[in-house]
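Each chain, written out:
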Amino acid sequence: MDLLCTAYSNSDDDEDPEPEPEPEPEPAPDPGRCTFSLPPPKLPKRDIPPASFPREAPIPGRYISKRERALSGQSTQVTVETPNPPVINNSPVIGSVSESDIPVDILKSLKNGKKQSPQSLSVALPGHTKAVNSINWSPIHTHLLASAGMDHTVCVWNVWSKSRGEKKLARAFKFHNAAVKDVKWSPRGGSLVSCGYDCCSRLVDVEKGQEIRRFEEDQVVGAIKFHPHNHNMFLSGGSKGRIRLWDVRVGKVVHDYIRNLGQVLDVEFSTNGKQFVSSSDVSGGNVSENSIVVWDVSRQIPLSNQLAFPLVATVNMKHEIVYVEAYTCPCIRRHPVDPCFVAQSNGNYIAIFSSISPFKLDKYKRFESHAVSGFPIKCNFSMDGEKLASGSSDGSIYYYSYRSSQLVRKIKAYDHACIDVEFHPVFPDVIASCSWNGDVSVFE
């Protein structure tokens, strides 16, 4: 102890620090006494939350230890701003189908059935990316037009909406998995049926943009038609020559019409709905007697042996006269007033048949100025039946007088083939058309 006191008493701040004193030796244990040491007591662990001190941003390039990274992850969450992904609208509801978007003067004209608007009703409707196979005006909501395309899409257009261009597209239904061949509005006007290469027909609620029912088949469905009086029934015809009558309420087949037919190209009901006419492809073999057939709807039997075009006249013991010409007919349309129907022929003319048994061909009257050239060209009557319009492979619309069968007018509409045409149900001078390159138009 004296040495330690002396060392501390003589120390000076300016002098070097003295070495620390050695610890005092512990007293030697008593050999006659038993000693042992207890372990230090274990204190209970307390859950101490990590201190939430504000941390400075790390200096770029400085090493950050694993412990620092863990603590920084617990205390703060660094949000990194990323660019928003592109918004993909998969909803079929694009615009409005309401009449409220139509100019007042056009809406009044639609209600009155007369053209009173000073503005033109001609409209271009871009939207399809591939060929358009069919168009159809709504019979109730006459400002709406449906179109079916090879781009798997069924479009519904609010034709005279105040919007412009593609903004007139109100619905874009992509329920089909393949190209769409045909589309028809229900006579009630609130829904439509479409069919195509995915071997089914689809019933869609236009207002809600929802598929209501699907009608699956074992063939590509190429043509559909609603019954003129029973609006719950529609016909479908397909690639295997099978024609079926469906009930939309239950989604089941009511009648199946079976005959050795080629691919069914079109179907059309008679005015009274008791018969229908089918057109089939005859290019696959010697089946020209099945080119055009008239069927009894309820009895499911053909009423005609065959209907075709005058090349050779022969006598049939069961029926009077058979006219044979091996041309396919991509379109059948009944006259809205007279008891007859027309057939678009790949022979580049339109022929007329009586819709009364024995369903004879009118050999003295046909419409021939346009060209078909293998395209599925369609034709249609005006509502009063006085005009017949047809598309053409040269991209023009041809207007014929039904009474005289003379060409009245020709409109160059497209650079590609004009596939389908249909008169407006209210405006007699307005016609819709579509083309092989995807254009849809309305002409006045």
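Being a predicted model, the structure only gives us computed values, none of them experimental.

Calculation notes
Residues numbered from 1 in each chain as written. Predicted model: local features only at pLDDT ≥ 70, side-chain atom pairs only at ≥ 80, totals over all residues. Heavy atoms only, no water. Pairing = 2+ DSSP bridges. Helix = DSSP H or I, 4+ residues; strand = E, 2+ residues; numbered from the N terminus. Axes fitted to C-alpha atoms, helices over the stretch in contact; angles between N-to-C directions. Buried < 20%, exposed > 50% of the residue type's maximum accessible area, 1.4 Å probe, protein only. Phe/Tyr/Trp six-rings, centres within 6.5 Å; stacked < 30°, edge-to-face > 60°.

A.B. asks: Got a minute to help me understand the sheet that holds strand β20 (residues 331–334) in this structure?
C.D. replies: Across a sheet, paired strands are connected by hydrogen bonds in the backbone, their directions being either parallel or antiparallel. Spatially, 4 strands are ordered β20-β21-β22-β23 in an open sheet, and the strand pairing comes out antiparallel. The sheet is open, and its two borders are formed by β20 and β23 (361–367), each paired with just one other strand. Strand-to-strand twist in this sheet, taken as the mean axis angle between neighbours without regard to direction, amounts to 25°. Alignment of β20 against strand β21 (residues 340–345), held across 4 bridges, turns out to be antiparallel. The partner of Ile-332 across the bridge, within β21, is Ala-343.

A.B. asks: Looking at this structure, how should I read the environment of Asn-260?
C.D. replies: Tracing the backbone shows Asn-260 in the loop between β13 (252–257) and β14 (264–269). By relative accessible area, which is 59% here, Asn-260 ends up exposed. On a C-alpha basis, the gap between Asn-260 and Arg-242 in space is 8.8 Å, while along the polypeptide they are 18 residues apart.

A.B. asks: Hey, could you run me through the packing of aromatic side chains in this one?
C.D. replies: To describe a pair of aromatic rings, one takes the distance between the centres and the angle between the planes. As enumerated under the stated definition, the model contains 15 aromatic pairs in all. Seen in terms of ring centroids, Phe-215 and Phe-234 are 5.1 Å apart; in terms of plane orientation they differ by 80°. Their pairing is edge-to-face. A residue pair is termed long-range when its members are at least 10 positions apart, and Phe-215 in strand β9 (residues 210–216) and Phe-234 in strand β11 (residues 233–238) qualify at 19 residues. Assessed through its relative accessible area of 0%, Phe-215 is described here as buried. The exposure class assigned to Phe-234 is buried, which follows from its relative accessible area of 1%. The interplanar angle of 65° and the centroid separation of 5.5 Å between the aromatic rings of Phe-367 and Tyr-400 together place this pair among those described as edge-to-face. Separated by 33 residues along the polypeptide, Phe-367 in strand β23 and Tyr-400 in strand β26 (residues 396–401) bring together distant segments of the chain.

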